[in-house]
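Descriptive structure summary
Given next are the chains, with one letter for each unit.
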Amino acid sequence: MALYLGIDASTQGIKAELIDTAKGEIITSFGINFGKDLPHFKSTDGFLENADPTIRHANPLMWLEGLDMLFSQMQKKGAPLSDVAGISGSAQQHGSVYLKNNFPEILAKLDSDKNLSEQLKISLSRQTSPIWMDRSTSAECDELYARFGERIQSDTGSPAIERFTGPQIRRFAKAEPENYDKTSVIHLVSSFLCSVLCGNSAPIDYADGSGMNLLNIKELDWDREITSFTAPDLLKKLPAVVDPSSIAGNLSNYFSKYGLNAGIPVQVWSGDNPNSLIGVGAAMPGSAVISLGSSDTFFAAMRNFKTDKAGCGHVFCNPAGGFMSLICFSNGSLARERIKTLCKVDWEFFDRTAGEMTRAGNNGKLMLPYFEPESTPKVLTPGVKRNYSNAEPAEEIRTIMESQAISMKIHSEWQQEDFKKIRITGGASGSQAFRKILADVFQAEIESISIKNSAALGAALRVANAVGEIPFHKLFDIFCVPNEVIKPDSANAKVYKDASSRYVEFEKINTSL
Ligand code: XUL
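Below, the discussion takes up the nonpolar core. In terms of nonpolar packing, the biggest core is built from 76 residues, with Ile397, Ile422, Leu438 and Phe442 touching the most fellow members. By residue number, the principal contributor to this core is helix H16 (residues 393–411), which donates 8 residues. Shared between two domains, this core holds at least three residues of each, these being domain 1 (3–274) and domain 2 (281–448 + 483–513). Each residue touching Ile397, except ones within four places of it in the same chain, is listed here: Ile339, Cys343, Val345, Phe349, Phe350 and Ala354.

Below you can see the structure in the form of structure tokens.
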């Protein structure tokens, strides 16, 4: 039996999908939630509270405890871990982990009588990790732009962006030079967790590496000028960068306590969005993907390399080869959850009833749901704006969904592809009302696949491809077949075209764009 395990370390928890490629089945899915299952880290939404809304850090020890807990639960629930032939993973993008020179030695000698966090604690040169929600690096982004101008975007795929890793590293090196000096390696969340699995400091893959403002995506190597300007000796502190199909190493003996076979191949991990591109079966150009998670993202395999003039969109390497476009909306599920709480309703009402009680266009109501600083458009100071003063709960709920859908549509137009099919994934993709609104706003078919966690599935498919040598198109035919399609209602096309024009104006007067 050849089973492949995909793990996804997302903002709010860690999930796993175990697949059997011979039977063509997803055997089992698991998940732990940081807020609920590891409350002692005081990170209800997966990050540490900070009075400054631009500072968003997480405790890397929480990710390690989460990983131990996930494997222990899988074992307790009888998952056939001894049949796993390869593991790969996915993680929230852009976050950085800072480690001392004892990191490789501690990894090589992991003791299975102890847990991961107690052993690796002493290897952290910085106790917390800035994550993708961090926006504290505007000054560093300005400095990068002043030095490199448009080259940052044309060579790394993105302009200098607050949440990206290079600006995070520059800020740390400037603010804490002594701790920066004590750092001998800087990992992404993906390469950090991959290192832990294989017991040695793992490489970064091109796809997640593209979210750093450090990788020259035309040359597929660290950009020497940009890295040396970003922080002193940075090139020496970065892991090697490799093709996403590479094998990073072999599973450490530590994990045999969970019933896994030590020595099985561990494929290099990647970012959650590149993994999802694979997990929904959209690795070839033609259809776009909307992922509704803590952040909402809109992405697609690209036909031609093209950057976003407005500066919000990105070009990443596609794990299956070529490039992918991506645009990120930071106020995704967290904003929807806040509206649900404000409206005092349950998810059944939010995901279904509210849509049935209201009509497309919602009498012109619009909202800019910036509960947290926003990436698209760039808004550093949170603040929710409405173009109305009163609304019933059902209207308020339709407003946030319509506004988020319209924002996705207008900000993804730089890709100049008229997508007729969009695959949808992520926790909120279960919402019937949201799927219908997206179909009507984009005037495209919205296709769902059976599981919502496409990032973990994507990781499992990537390792099945790399280790099991099963071509992607065969894996997609088995694991990524749409099980529900919502067709657009052409009667609503004009309603949303008009609403989009009004949204553009509303956004313009309320933001710097
Ligand atoms: C993408 C982004 C987020 C994170 C969190 O650029 O910042 O989607 O990957 O999932």
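From this point, things continue past the structure.
Turning our eyes to something else, we now look at the sheet that holds strand S16 (residues 288–292). Within the open sheet, the 7 strands sit side by side as S18-S19-S17-S16-S22-S23-S24. Their pairing is mixed. Either end of the sheet is taken by a strand with one partner, and the two such strands are strand S18 (314–317) and strand S24 (484–486). Recorded for the sheet is a direction-independent mean angle of 25° between the axes of neighbouring strands. For strand S17 (residues 296–301) and strand S19 (residues 323–329), the ladder comprises 6 bridges, and the chain directions are antiparallel. The residue of S19 that forms the bridge with Asp296 is Phe329. Its contacts with the sheet put helix H13 (residues 272–279) on S16, S17 and S19, and the angle it makes with S17 is roughly 60°.

Looking now at the site of the ligand. Around the ligand sit Gln93, His94, Trp132, Arg163, Asp272, Asn273, Ser295, Thr297, Leu326 and Cys328, and those are all the residues in its vicinity. Side-chain polar atom of Asp272 to an oxygen atom of the ligand: 2.4 Å apart, as the coordinates give it. Here an oxygen atom of the ligand and a side-chain polar atom of Asn273 are 3.1 Å apart. Contact with the protein chains covers 96% of the free accessible surface of the ligand, which is 290 Å². Every element with two or more residues in the shell around the ligand is listed here: H13 and S19. Here the shell around the ligand is built from residues that sort into 3 nonpolar, 5 polar and 2 charged. Each of domain 1 (3–274) and domain 2 (281–448 + 483–513) gives at least three residues to the shell around the ligand.

With the rule as written, the count across this model stands at 14 aromatic pairs. Ring centres of Trp347 and Phe350 lie 5.1 Å apart, and the angle between their planes is 70°; on these two criteria the pair is classed as edge-to-face. Residue Trp347 and its partner Phe350 are both found in helix H15 (residues 347–357); the two are separated by 3 residues, about one turn of the helix. What makes Trp347 partly exposed here is its relative accessible area of 38%. The class of Phe350 is buried, set by a relative accessible area of 1%. The side chain of Arg126 reaches across the aromatic face of Tyr98, ending 4.9 Å from its centre.

Now for the pairing of strand S22 (residues 421–425). On a regular strand, one side chain projects to one face of the sheet and the next to the other, so that they alternate. Among the 5 residues of S22, 4 are classified as buried, and the element is accordingly described as predominantly covered. In the sheet, S16 pairs with S22 via 4 bridges, with the strands oriented parallel. Across the sheet, the residue bridging to Val289 is Arg423, located in S22. The pairing of S22 with strand S23 (residues 445–448) spans 4 bridges and is classified as parallel. Looking at S23, one finds that Arg423 is bridged to Glu447. Where the polypeptide runs from S22 across helix H17 (residues 432–442) and back to S23, its parallel neighbour, the crossover connection is right-handed.

A few words now on the pattern of salt bridges. Counting across every chain of the model gives 25 salt bridges. We note a salt bridge from Asp296 to Arg336, for which the minimum N-O separation is 2.8 Å. Placement of Asp296 in strand S17 and of Arg336 in helix H14 (residues 333–343) is noted, with a sequence separation of 40 residues between them. For the residue pair Asp296 and Arg336, the accessibility class agrees, reading buried in each case. The residue Glu402 makes a salt bridge to Arg398 at a minimum N-O spacing of 2.9 Å. With Glu402 and Arg398 both in helix H16 and 4 residues apart, the pair spans about one turn of that helix. Note on Glu402: relative accessible area 3%, which makes it buried. Linked through salt bridges whose partners overlap, the residues forming this network are Arg151, Asp155, Lys218, Asp223 and Glu225.

The N-to-C vectors of helix H2 (residues 60–76) and helix H9 (residues 189–198) enclose an angle of 50°; their axes lie 11 Å apart at closest approach. Classified by the angle between their axes, H2 and H9 sit oblique to one another. As for how H2 packs across H9, the hand of that crossing is right-handed. For the pair H2 and H9, the contacting residues are Pro60, Trp63, Leu64, Leu67 and Phe71 in the first and Val189, Phe192, Leu193, Val196 and Leu197 in the second. Tallied by class, the residues present in the contact of H2 with H9 amount to 10 nonpolar, no polar and no charged.

Before going further, it helps to examine the side chain of Ser191. Summarising the element assignment, Ser191 is placed in helix H9. Within the structure, Ser191 has its side chain in polar contact with the backbone nitrogen of Leu188 (distance 3.0 Å). With residues up to four places along the chain from it excluded, the contact list for Ser191 reads Ala202, Pro203 and Ile204.

With that out of the way, let us pick up the environment of Ala248. Residue position: Ala248 is located in strand S13 (residues 247–250). In contact with Ala248, other than residues within four places in its own chain, are Cys194, Cys198, Asn200, Ala202, Pro203, Val266, Gln267 and Val268.

The next thing to look at is the domain arrangement of the chain. For the chain, the assigned domains are domain 1 (3–274) and domain 2 (281–448 + 483–513). Each of domain 1 and domain 2 has a C-alpha centre, and the two are 27 Å apart. Taken together, the contacts link 33 residues of domain 1 with 27 residues of domain 2. At the boundary of domain 1 with domain 2, total buried surface from both sides reaches about 2400 Å², with 59% on carbon and sulfur atoms. Applying the counting criterion to the domain 1 and domain 2 interface returns 2 salt bridges. It is helix H6 (residues 151–156) that provides the largest number of residues to the side of domain 1 that touches domain 2, a total of 3 residues. Its residues placed into classes, the side of domain 1 that touches domain 2 shows 13 nonpolar, 14 polar and 6 charged.

About the cut-offs
- Residues numbered from 1 in each chain as written.
- Predicted model: local features only at pLDDT ≥ 70, side-chain atom pairs only at ≥ 80, totals over all residues.
- Heavy atoms only, no water.
- Core = buried A, V, L, I, M, F, W, Y, C linked by side-chain atoms within 4.5 Å.
- Buried < 20%, exposed > 50% of the residue type's maximum accessible area, 1.4 Å probe, protein only.
- Helix = DSSP H or I, 4+ residues; strand = E, 2+ residues; numbered from the N terminus.
- Domains from an automatic or database assignment.
- Contact = heavy atoms within 4.5 Å.
- Pairing = 2+ DSSP bridges.
- Axes fitted to C-alpha atoms, helices over the stretch in contact; angles between N-to-C directions.
- Near = heavy atom within 4 Å.
- Polar contact = N/O pair within 3.5 Å; in protein donor to acceptor, adjacent residues only side chain to side chain.
- Areas by Shrake-Rupley, 256 points an atom, 1.4 Å probe, with all protein chains shown as cover.
- Nonpolar A, V, L, I, M, F, W, Y, C, P; charged D, E, K, R; others polar.
- Phe/Tyr/Trp six-rings, centres within 6.5 Å; stacked < 30°, edge-to-face > 60°.
- Lys NZ or Arg CZ within 6 Å of the ring centre and 35° of its normal.
- Right-handed = clockwise from strand over helix to strand, strands pointing away.
- Salt bridge = Lys/Arg side-chain N within 4 Å of Asp/Glu carboxyl O.
- Parallel < 35°, antiparallel > 145°, perpendicular 65-115°, else oblique.
- Left-handed = near helix turned anticlockwise from the far one by under 90°.
- Buried area = accessible area lost by both parts, 1.4 Å probe.

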